[in-house]
Amino acid sequence: MQYALLVMLGTVVGLIMRRIALWRRCGYTRAARRLYLGTSWLLGGGAYAAMATQEGILLASGQLAWSNALPLHLCSLMGLLTLPMLLTRRRILWHISLYLGLPGALMALLFPAVLETPWPRATELAFHTMHCCVLLAPLLPFSLGVRPSPRGVAWALISLALLTCVALGANAVTGGNYLFLNGSPIGWMNRWGLGAWRGALAALVLTVLASEAFAVFLLQQKRGWSH
């Protein structure tokens with residue numbers, strides 16, 4: 001389900017981005033901005049609707065609790081930031097969404113950790129829709145000619161460190177597993193032990209961030225993009 005949904009939404013967003021970039025080059029700036037604004041509401045509103053649906057399903061099934069309802073998973077927080085990031089076009093929010101939200105959402109689609117509810121199809125649809133929106137949203141500003149900076153990785157690391165501290169506290173108080181700090185969502189990885197899982201997770205995050213920063217640096221050197 002998630003791959004078909006990602007291809008469908010990705011195709012739509014890609015075509016819209018192409019149209020926005022084309023209109024900008026042709027001088028239709030207002031039309032390009034209106035299309036950008038509408039697409040921003042589509043992605044941001046889609047993330048909000050999907051998150052609200054997940055919370056509603058948990059409430060209806062009697063599973064809603066402090067241990068699973070707080071937006072302290074990475075993608076949940078990115079879902080909340082998607083619309084403000086797109087509308088305000090703050091570079092800090094964009095870099096956080098680009099360097100953390102995009103790879104985090106991709107990992108969630110590859111290795112989904114969907115809660116079991118009496119309505120599995122609806123739960124999966126909401127889960128995958130939210131993650132698709134989080135993955136695609138940071139790409140939209142590229143159509144406006146905005147380019148990222150490798151230094152944005154610093155903001156991503158600081159944000160992730162702060163979120164980790166909050167998640168650790170929430171896990172201790174609620175008994176939850178926010179950020180999967182108390183166990184991997186991938187069953188066979190739990191056999192490594194908690195310490196090994198945390199180490200593997202940290203190594204993966206650092207590798208992804210370093211790779212993204214290096215790729216952006218190379219592109220900037222080749223294209224002459226400014227920070």
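You'll find the structure just up there.
Cut-offs applied
Residues numbered from 1 in each chain as written. Predicted model: local features only at pLDDT ≥ 70, side-chain atom pairs only at ≥ 80, totals over all residues. Heavy atoms only, no water. Patch = residues over 30% accessible without salt bridge, like charges linked within 9 Å, V, L, I, M, F, W, Y side chains within 5 Å. Areas by Shrake-Rupley, 256 points an atom, 1.4 Å probe, with all protein chains shown as cover. Salt bridge = Lys/Arg side-chain N within 4 Å of Asp/Glu carboxyl O. Helix = DSSP H or I, 4+ residues; strand = E, 2+ residues; numbered from the N terminus. Axes fitted to C-alpha atoms, helices over the stretch in contact; angles between N-to-C directions. Parallel < 35°, antiparallel > 145°, perpendicular 65-115°, else oblique. Left-handed = near helix turned anticlockwise from the far one by under 90°. Contact = heavy atoms within 4.5 Å. Buried < 20%, exposed > 50% of the residue type's maximum accessible area, 1.4 Å probe, protein only. Phe/Tyr/Trp six-rings, centres within 6.5 Å; stacked < 30°, edge-to-face > 60°.

1. Details of a nonpolar patch on the surface
Residues Y3, L106, M107, L110 and F111 make up a contiguous nonpolar surface patch of roughly 450 Å² in combined accessible area. Ranked by the residues each element gives to the nonpolar patch, the list is headed by helix α5 (residues 91–110), at three residues. Checked against the element boundaries, F111 lands in the loop between α5 and α6 (120–136).

2. Side note on the packing of α5 against α6
Helix-helix packing: each pair is described by the crossing angle between the helix axes and the interaxial distance. Between α5 and α6, the shortest axis-to-axis distance is 8 Å and the interhelical angle comes to 150°. Relative to α6, the element α5 is oriented roughly antiparallel. Here α5 and α6 pass one another in a crossing that is left-handed. Contacts between α5 and α6 involve G101, L102, A105, L106, A108 and L109 from the former and F127, H128, H131, C132, V134 and L135 from the latter.

3. Observations concerning the side chain of Q2
Mapped onto the fold, Q2 is located in helix α1 (residues 2–25). Residue classification places Q2 among the buried positions, given a relative accessible area of 11%. Q2 has contacts with L109, P112, H128 and C132, leaving out every residue within four places of it along the chain.

4. What to know about the packing of aromatic side chains
Across all of its chains, the model carries one aromatic pair by this definition. Each ring, one from W94 and one from F142, has its centre 5.3 Å from the other, and the planes form 70°; the classification is edge-to-face. Remark: F142 occurs in the loop between α6 and α7 (152–174) and W94 occurs in helix α5; sequence separation between them is 48 residues. A relative accessible area of 3% means that W94 is categorised as buried.

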